[in-house]
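Close look at the chain arrangement
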Amino acid sequence: MAPIPVSDSPDLEYLLDGYRRFRDNGWKPERERWEALKEGQQPRVMVIACSDSRVDPSQIFDVNPGEIFVVRNVAALVPPFETTPGHHGVSAALEFAVQFLHVSQIVVMGHGMCGGVQAALTQSMLGCEPGKGGFVADWISLLDDARAEIAAEYGTTGRDAERAMEQAGVKVSLANLRTFPCVRSKEERGTLKLTGALFAISDGVLYLLDETTGTYHPAT
Ligand SMILES: [Zn+2]
């Protein structure tokens with residue numbers, strides 16, 4: 001097969017530089033691992049994280065290919081169990097991880113300075129058409145109930161409000177996870193654990209949610 005001509009996109013070239021390093025330094029030494037992985041994946045953990053470019057779960061948890069099954073989206077949200085028409089991407093990934101890969105742990109990882117959470121607070125995209133902010137507005141409206149309480153206490157701008165919203169967002173996703181019958185029943189049987197977490201970008205610290213108190217504490 002003839003190679004594709006060199007791209008005229010500097011951004012793609014930047015990626016391809018990384019790909020070449022991966023082929024030289026990442027892929028060859030780990031060839032056996034990749035060889036085994038071609039048979040299939042058996043991750044024990046699913047991570048639901050934000051699409052934000054600063055919070056890559058594989059980097060934060062320093063894991064190898066095949067170890068975590070990841071879904072990333074705006075604000076690391078899980079929708080409730082819904083059977084309405086539409087394409088339920090997060091629900092599909094969740095179903096696959098829980099029912100077919102049989103993961104034993106799900107981590108919902110929000111993060112500090114999350115633009116999606118910020119937009120949920122300010123409702124800056126409310127009323128926009130789909131394609132002009134409307135998809136984001138609809139998606140982050142999953143946080144509307146939590147927002148109402150936080151807005152009443154902290155307002156809708158500033159770090160206190162944002163931090164409260166970031167913390168609440170993870171709890172909303174955990175609650176929504178538990179509306180999925182397969183998640184709920186496996187958690188009740190003790191074969192699936194759910195954990196909430198927040199990654200603070202500025203200092204690189206991961207906070208874990210203690211669901212008995214509703215508070216976050218640095219992971220040690
Ligand atoms: Zn984010």
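Whatever comes next refers back to the structure up there.
As for the coordination of the zinc ion
Coordination sphere of the zinc ion, protein contribution only: Cys50 (SG), His111 (NE2) and Cys114 (SG), at 2.0 to 2.2 Å. In the primary sequence, the donor residues of the zinc ion line up as C-x60-H-x2-C. The exposure class assigned to histidine 111 is buried, which follows from its relative accessible area of 2%. Residue cysteine 114 is classed as buried on the basis of its relative accessible area, which comes to 3%.

Some words on unusual backbone geometry
Backbone geometry follows two general trends: most residues other than glycine have a negative phi, and most peptide bonds adopt the trans configuration. Not every positive phi belongs to a glycine, and methionine 113 is a case in point at roughly 55°. Here methionine 113 is to be found in the loop between β3 (105-111) and α5 (115-122).

Some words on a negative patch on the surface
Taken together, Asp144, Asp145, Glu149 and Glu153 make up a surface patch of like negative charges. Here glutamate 149 is to be found in helix α7 (residues 144-154). According to the relative accessible area criterion, glutamate 149 is exposed, its value standing at 64%.

Let's talk about the pattern of salt bridges
Enumeration according to the criterion identifies 13 salt bridges in this entry. For glutamate 166, the salt bridge goes to arginine 159, with nearest N and O atoms at 3.0 Å. For glutamate 166, a relative accessible area of 5% puts it in the buried group. Here arginine 159 falls in the partly exposed class, since its relative accessible area comes to 28%. Across the pair arginine 184 and glutamate 188 runs a salt bridge whose closest N-O atoms are separated by 3.6 Å. Of this pair, arginine 184 and glutamate 188 both sit in helix α9 (residues 181-189), 4 residues apart, which is roughly one turn of that helix. For arginine 184, a relative accessible area of 44% corresponds to the partly exposed category. Each of Glu13, Asp17 and Arg20 takes part in one network of salt bridges that share partners.

Examining the environment of isoleucine 68
Residue placement: isoleucine 68 occurs in strand β2 (residues 68-73). Residue class for isoleucine 68 comes out buried when judged on its relative accessible area of 17%. Expressed as a C-alpha distance, the spacing of isoleucine 68 and glutamate 188, which sit 120 residues apart in the sequence, is 23 Å.

With respect to the nonpolar core
Membership of the largest hydrophobic core comes to 27 residues, with the highest contact counts inside it found for Met109, Val117, Leu143, Ile150 and Met165. For this core, the secondary-structure elements that each account for two or more residues are β1 (45-50), β3, α5, α7, α8 (159-177) and β4 (193-200). If one sorts the elements of this core by residue count, α8 sits on top with 5 residues. Residues within four places of isoleucine 150 in sequence aside, it is in contact with Leu121, Gly155, Ala161, Ala164, Met165 and Ala168. In terms of nonpolar packing, the next biggest core, distinct from the first, is built from 25 residues, Met46, Leu101, Val170 and Phe180 among them.

Overview of the pairing of strand β6 (residues 215-218)
With 4 bridges joining them, strand β5 (residues 205-210) and β6 adopt antiparallel strand pairing. What sits directly across from aspartate 210, in β6, is threonine 215.

Reading the values: rules and limits
- Residues numbered from 1 in each chain as written.
- Predicted model: local features only at pLDDT ≥ 70, side-chain atom pairs only at ≥ 80, totals over all residues.
- Heavy atoms only, no water.
- Donors = N, O, S within 2.8 Å, 3.2 Å for Na, K, Ca; no water.
- Buried < 20%, exposed > 50% of the residue type's maximum accessible area, 1.4 Å probe, protein only.
- Helix = DSSP H or I, 4+ residues; strand = E, 2+ residues; numbered from the N terminus.
- Patch = residues over 30% accessible without salt bridge, like charges linked within 9 Å, V, L, I, M, F, W, Y side chains within 5 Å.
- Areas by Shrake-Rupley, 256 points an atom, 1.4 Å probe, with all protein chains shown as cover.
- Salt bridge = Lys/Arg side-chain N within 4 Å of Asp/Glu carboxyl O.
- Lys, Arg positive; Asp, Glu negative; His and termini not counted.
- Charge placed at Lys NZ, Arg CZ, Asp CG, Glu CD.
- Core = buried A, V, L, I, M, F, W, Y, C linked by side-chain atoms within 4.5 Å.
- Contact = heavy atoms within 4.5 Å.
- Pairing = 2+ DSSP bridges.

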